[in-house]
Amino acid sequence: MKRKIQIVFITLSLIAFSSCKSIEIFKENTEIPVARPYRTFVIINKEVGMRGFNSQFLDELVQIQLQETLEEAGMKYDAKQPDVVIRYNSNEDVRQREVVLNQNPYPFWGYRVYNPWVFNPYNNNRVSSSNYELLQVIVDFIDPVQDKFLMTLTGVTEVSNPKYKQKKVEKTLEAVLKSFLNQNLN
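Everything numeric here is computed off the predicted structure, so don't read it as measured data.

Draft legend 1. Region of the structure containing the pattern of salt bridges. Enumeration over the complete set of coordinates arrives at 5 salt bridges. For D140, the salt bridge identified is with R87, shortest N-O distance 3.0 Å. With D140 in strand β5 (residues 126-143) and R87 in strand β4 (residues 84-101), this pair connects stretches of sequence that are 53 residues apart. For D140, a relative accessible area of 9% corresponds to the buried category. Taking the relative accessible area as the measure of exposure, R87 reaches 31% and is therefore partly exposed. In this structure, K165 and E133 form a salt bridge, with 3.2 Å as the shortest nitrogen-oxygen distance. With K165 in helix α4 (residues 165-185) and E133 in strand β5, this pair connects stretches of sequence that are 32 residues apart. Taking the relative accessible area as the measure of exposure, K165 reaches 15% and is therefore buried. Among the charged side chains, a salt-bridge network with shared partners connects E92, E133 and K165.

In structure tokens:
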């Protein structure tokens with residue numbers, strides 16, 4: 001009995017952990033290949049004072065995380081002669097999804113005798129809706145010498161609770177920067 005409980009717990013834990021990774025990264029606008037490792041960068045949003053997010057707090061958070069992550073990777077912030085220009089923005093789209101609660105998942109099969117109390121054709125399924133936000137963090141990496149896009153990396157995730165929006169933005173930006181740094185070092 002104890003062994004069965006452990007197996008059920010492990011299975012549920014694996015399902016929960018596998019569903020946590022809900023960030024997709026898309027690479028677009030590759031006009032020129034990443035030909036060299038870039039050593040210096042500038043964040044154009046910071047220099048010009050352009051906001052990429054609706055929330056000023058999230059915008060400042062993204063600027064700080066961008067600069068700290070790239071500096072930890074060995075790159076230097078240089079506003080005068082950067083090797084790569086970084087521009088970011090976001091797309092925050094509020095959406096709705098329908099959730100269908102099926103009262104009887106086995107309406108006909110599995111029962112040998114028809115029971116009118118088990119299957120009632122007039123018993124409708126309950127439909128409710130839930131709101132969520134489709135969040136896209138879009139980061140452009142531009143070569144200033146050739147004035148062409150190295151790449152545009154877009155991180156896409158869903159935010160179902162506004163309390164967790166900050167964490168989702170941080171994790172999405174982390175995944176985008178990890179993808180850039182992997183390509184920059186190769």
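Draft legend 2. Focus on the environment of V99. Tracing the backbone shows V99 in strand β4. According to the relative accessible area criterion, V99 is partly exposed, its value standing at 31%. Setting aside anything within four residues of it in sequence, one finds V99 in contact with R126, V127, S128 and S130.

Draft legend 3. How the structure looks around α4. Given a rise of 1.5 Å per residue, 21 residues ought to cover 30 Å, and the 30 Å separating the end C-alpha atoms of α4 matches this to within 8%. Within α4, burial applies to K165, V169, T172, L173, A175, V176, L177, S179, F180, L181 and N184.

Rules used in this analysis
Residues numbered from 1 in each chain as written. Predicted model: local features only at pLDDT ≥ 70, side-chain atom pairs only at ≥ 80, totals over all residues. Heavy atoms only, no water. Salt bridge = Lys/Arg side-chain N within 4 Å of Asp/Glu carboxyl O. Helix = DSSP H or I, 4+ residues; strand = E, 2+ residues; numbered from the N terminus. Buried < 20%, exposed > 50% of the residue type's maximum accessible area, 1.4 Å probe, protein only. Contact = heavy atoms within 4.5 Å. Expected span 1.5 Å × (residues − 1).

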